[in-house]
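# A structural walkthrough
Residues per chain are reported as follows:
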Amino acid sequence: MVEGGRVELVRTMTYRYTAWSPYASPIAIPARDAKVIRQAHFHPARPLIDSQPLIQPVALDIPPEGSGSVQTDLVEIGWAVQARLHLAKSRDAEVTRPIVVLS
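These remarks concern the structure in this document. (Residues numbered from 1 in each chain as written. Predicted model: local features only at pLDDT ≥ 70, side-chain atom pairs only at ≥ 80, totals over all residues. Heavy atoms only, no water.)

### What to know about the overall build of the protein chain
How we decide: Put simply, DSSP H or I for four residues or longer makes a helix, DSSP E for two residues or longer makes a strand, and each gets a number counted from the N terminus. All radius of gyration figures rest on C-alpha atoms, and the globule criterion is 2.2 Å times the number of residues raised to 0.38. For every residue, the accessible area obtained with a 1.4 Å probe (protein chains only) is divided by the maximum for its type, and the residue is called buried under 20%, exposed over 50%, and partly exposed between those limits. Residues are treated as being in contact if the distance between any of their heavy atoms lies within 4.5 Å. Charge counting follows a simple rule: Lys and Arg are positive, Asp and Glu are negative, and His as well as the terminal groups are ignored. A single reference atom marks each charge: NZ on Lys, CZ on Arg, CG on Asp, CD on Glu.
Counting its secondary structure elements, the protein chain contains zero helices and five strands. Each helix and strand of the protein chain, placed in order from N terminus to C terminus, yields the pattern β-β-β-β-β. Taking 103 residues into account, the globule formula puts the C-alpha radius of gyration at 13 Å, and the protein chain, at 19 Å, lies well above it. In terms of overall dimensions, the protein chain has C-alpha extents of about 65 × 35 × 15 Å along its principal axes. When each of the 103 residues of the protein chain is scored for burial, the buried share is 24%. Taking the intrachain contacts of the protein chain between residues at least 6 apart in sequence as the baseline, contacts between residues at least 24 apart amount to 60%. Across the protein chain, the centroid of the 11 positively charged side chains sits 3 Å from that of the 10 negatively charged ones.

### Considerations on the pairing of strand β2 (residues 24-42)
For clarity, the threshold we go by: Two strands are said to pair when DSSP picks up at least two bridges between them.
With 16 bridges joining them, strand β1 (residues 2-21) and β2 adopt antiparallel strand pairing. Counterpart to Val10 in the pairing with β2 is Val36. Remark: two residues form the turn of the hairpin made by β1 and β2, two consecutive strands paired antiparallel.

### Looking at the pairing of strand β4 (residues 75-87)
The pairing of β1 with β4 spans 13 bridges and is classified as antiparallel. Following the sheet pairing, Met13 is matched in β4 by Ile77. Joining the antiparallel neighbours strand β3 (residues 70-71) and β4 is a turn of three residues. Pairing analysis gives seven bridges linking β4 to strand β5 (residues 93-99), with the strands arranged antiparallel. Bridge pairing links Leu85 to Ala93 in β5. With antiparallel pairing between neighbouring strands as the criterion, β4 and β5 make up a hairpin whose turn holds five residues, including Lys89 at a positive phi of roughly 55 degrees.

### Some details on the side chain of Arg84
To keep things clear, this is the line we draw: Residues adjacent in sequence count toward polar contacts only when both atoms are side-chain atoms; beyond that, a polar contact is any pair of N or O atoms within 3.5 Å, and within protein one must be able to donate a hydrogen and the other to accept it.
With respect to the secondary-structure elements, Arg84 resides in strand β4. Engagement of the side chain of Arg84 in a polar contact is seen with the side chain of Glu94, the distance being 2.9 Å. Residue contacts for Arg84: discarding those within four places in its chain leaves Gly4, Gly5, Arg6, Glu8, Ala93 and Glu94.

Written out as structure tokens, the structure is:
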């Protein structure tokens, strides 16, 4: 039975920088940071059981100063929507879907 849930807007930033060594050729090392930018919690109007559909409208605003999706050799900025359902007497169900944010 679904007790509630949460929807999150997640931004992931990956930077690649070059590390130099006197004993080897330069290598690119990634540094990654994921951050929840917005989130919305919800509770179903009535208890739901297995195989019942759940339709829950949710709006997650992208901040105006937020950068759009980018994929280059040195920098990647990715966005995703992540949904979690809290289930009674069971592990939470989770799904993540990438989205493209235009600048």
